Amino acid sequence: MARKPSRRKCPTCGEVGVKKNGRTSKGAIRYRCTHCGASYCVNRPDITRNAQMDRFVQWLTGKHSISETTDQSRMSWNRQNYWCWRVDPVIEPTGQIYDYIQIDGTYLPYGWCLLTAVNNGKVLAWQWCNQENKTAYKQLLKRLPEPLMVITDGQAGALSAIKDQWPNTRIQRCLVHIKRNIRTLTTTNPKIPPHKALWGLAKRLVTIENLNQADQWIGLLQAFHDQWGKWLNHKTYKNQIPPEQIPFWIRPNQQWWYTHQKARRAYNLLAKQTRKATLFTFLDPTLNKQATTAPLPATTNELEGAINAAIKSLIYNHRGLSEPHMKKAAQWWCYQHSEHPLKPHQLIQPHHLKPDPKPAAKQPKPGPKLWDNAIDQDPKYQDGSLHIRKGWAGH
C-alpha cells in the first residue's frame, strides 16, 4: 500500500510536501522541504516550558547552585527562567478533619515570620507575618477544619487564636518547649537542691508515655511543693537590704519581691499547665479512641526539625535572594512537602508567560525643577535674584 503524501507545510515557503530527514545530534526529528530544500525541526514551546518549570523548582527547593544545576551561564539561566518566579504555589484545602495539627512559626530574613500548620510531616497551610500574633494565627487556622488536638509551644497569640477559631479542640503543650523553659531558669547544671529537683522533673516530663507515668510525675510535682512550698514564698523587703543590692528590675514604688524568682517561675510553669490539663492531653483515653493516629505526639519536634530547620537551610543555601524570591522559595518548599502536590508545570497559567508590564513613566510635577543643570529662563520663575553671570566676573 502506498504511503499517503505528507500534508505538512513548510514554514519557509508554505508549500505542502515536507519529509523527514533524519535526526539532530540531540535526537529531534529533522524535516526537509521538497520544494525549497529548507531544513527545520518542529518546536514544542509547551514541552520546553514544562521542563523549564520543573527544573527551576528542583533547583529552587534543592541545595545546588546554578552552576551545579546547568551548563548555562548565570545570566542565561536567569533570562530564560525569569518567568518561573511568577508561578505561585497554593495548597488547596481538602476539608479533611485531622487527629492533630502542629503549629509554629520560624523567623526568616527581611523581617518575615512564616507560620506553618503540619500533620504527619506534611504542610497543610502557611501564613506570612511580621511576628507571631493572634491575627496571623487566625488567618492560618481558619483555612483548616477543627482537629481533635492541636500542639503548640504556648505562644500567647496562638493560644488566643485557637480559642477563637477552634473552641472545641484540645490543646497539647509541647513538652520539649516546657523542658527548654525550665532549663533557662535552672540551667543544666543546677547548684541548689530545689533547682536540681525542678530540672529533674523537666527531664522526666519528656519521657512520659502512659497515664501511670503521668500520675507518678504529678505526684512528684506535689511532693516538691510540699517540701519547698514555704521556701518558694520567701520574700525580700526593700528596706532590709543595701541600695546597691536591689535588683535593677525592681520598680521605684515596689517594697518587696519573691526571693527565689527563677525557681518560683519554673514551678509555677509546671503547676499552671498541670492545672490546665495541657501537659498530658495526648494520653487522654477518650481522645485516643476518636483518633486514627496512635500514639498521638506530645511535641512539635516533627515540625521544627523537618519543616522549620529545612526551610532555614534552604534559605541559607540560596542566600542572596531578594525578598520576593526568598518568600517564593519558602512557599515552593512548603508546597512540595504538602500532602498532594502537583508537578510544578501543572500550575502554569497563561498570564505567567506574559512579561511584566513596564512601569508607566512618571509625569513631572508642574512647577520649577528641583534639580537641573541650567537656570530656567522663564520669567514667571524668576524673581530678579537669579542671573546668568557673563564676562570676566570682576577679573
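Everything that follows concerns the structure shown earlier in this document.
Here the structure is a predicted model, which is why all the values come from computation and not from measurement. Once a new chain begins, its residue numbering starts again from 1 and follows that chain's sequence as written. Confidence filtering applies because this is a predicted model: local features only for residues at pLDDT of at least 70, side-chain atom pairs given and counted only at 80 or more, and all residues used for totals across whole chains, interfaces and linings. Hydrogens are left out, water is left out, and the side-chain values use all remaining heavy atoms of the structure.

This next bit is on the overall build of the protein chain. Elements are defined by DSSP. Helices are runs of H or I of four residues or more, strands are runs of E of two residues or more, and each kind is numbered from the N terminus. Across its full length, the protein chain holds 12 helices and 10 strands. Here the globule rule is a power law, 2.2 Å times the number of residues to the power 0.38, and the radius of gyration is based on C-alpha atoms. In terms of overall size, the protein chain is more extended than a compact globule, its C-alpha atoms giving a radius of gyration of 34 Å where 395 residues would be expected to give roughly 21 Å. Structurally, the protein chain occupies a C-alpha span of about 105 × 100 × 35 Å along its principal axes. In the protein chain, which comprises 395 residues, the share counted as buried stands at 37%. It only takes one pair of heavy atoms within 4.5 Å for two residues to be counted as in contact. Long-range pairs, those at least 24 residues apart, make up 54% of the contacts in the protein chain with a sequence separation of at least 6. Using a 1.4 Å probe, accessible areas were evaluated by the Shrake-Rupley method; residue-level cover was limited to the displayed protein chains. About 25,300 Å² of surface is accessible on the protein chain, with carbon and sulfur atoms providing 52% of the total. Both charge centroids of the protein chain, one from 57 positive and one from 27 negative side chains, sit 4 Å from each other. Using a 1.4 Å probe on the protein chains alone, a residue whose accessible area is under 20% of its type maximum counts as buried, one over 50% counts as exposed, and one in between counts as partly exposed. When charges are tallied, Lys and Arg are placed among the positive residues and Asp and Glu among the negative ones, while His and the ends of the chain are skipped. To locate a charge, take atom NZ for lysine, CZ for arginine, CG for aspartate or CD for glutamate.

With that out of the way, let us pick up the sheet that holds strand 5 (residues 112–119). An order of 6-5-4-7-8 is seen for the five strands of this open sheet, with the pairing classed as mixed. Edge strands, defined here as strands with exactly one partner in the open sheet, are strand 6 (122–129) and strand 8 (170–173). Pairwise comparison of adjacent strand axes, ignoring direction, gives a mean angle of 25° for this sheet. The pairing of strand 4 (residues 100–108) with strand 5 spans seven bridges and is classified as antiparallel. Bridging across to strand 5, G105 finds its partner in L115. When DSSP finds two or more bridges between two strands, those strands count as paired. Angular values range over 0 to 180 degrees, each being the angle between N-to-C directions of two axes fitted as lines to C-alpha atoms, with helices fitted over their stretch in contact.

Inspection of the secondary structure puts T299 in the loop between helix 10 (285–290) and helix 11 (301–317). Definition of a polar contact: a pair of N or O atoms within 3.5 Å, with one able to donate and the other able to accept a hydrogen when the atoms are protein atoms, and with sequence-neighbouring residues admitted only if both atoms are side-chain atoms. Engagement of the side chain of T299 in a polar contact is seen with the backbone nitrogen of N301, the distance being 3.4 Å. If sequence neighbours within four positions are ignored, T299 has contacts with Q102, I151, C174, L175 and V176.

So, about the pattern of salt bridges. Pairs may arise between side chains of opposite charge once their charged atoms sit close together. When a carboxyl oxygen of Asp or Glu lies within 4 Å of a side-chain nitrogen of Lys or Arg, that pair is called a salt bridge. Taken as a whole and assessed by the stated rule, the structure comprises four salt bridges. Here D284 and R170 are joined by a salt bridge, their closest N and O atoms 2.6 Å apart. Residue D284 is located in the loop between helix 9 (261–276) and helix 10, and its partner R170 is located in strand 8; the two are separated by 114 residues in the primary sequence. Assessed through its relative accessible area of 17%, D284 is described here as buried.

What follows is about the packing of helix 7 (residues 193–205) against helix 9. Taken N-terminus to C-terminus, the directions of helix 7 and helix 9 make an angle of 30°; their axes are 10 Å apart at the nearest point. Between helix 7 and helix 9, the angle is such that the two are roughly parallel. Crossing of helix 7 against helix 9: the hand is left-handed. Mapping the contact onto sequence places H195, L198 and L201 in helix 7 and A263, A266, Y267 and L270 in helix 9. Looking at the contact of helix 7 with helix 9 residue by residue, the classes come out as six nonpolar, one polar and no charged. For classification purposes, an angle smaller than 35 degrees is called roughly parallel, one larger than 145 roughly antiparallel, one from 65 to 115 roughly perpendicular, and anything else oblique. A clockwise turn of the near helix away from the far one marks a right-handed crossing, whereas an anticlockwise turn of less than a right angle marks a left-handed crossing. Throughout, the ten residues Ala, Val, Leu, Ile, Met, Phe, Trp, Tyr, Cys and Pro are labelled nonpolar, Asp, Glu, Lys and Arg are labelled charged, and all others, Gly among them, are labelled polar.

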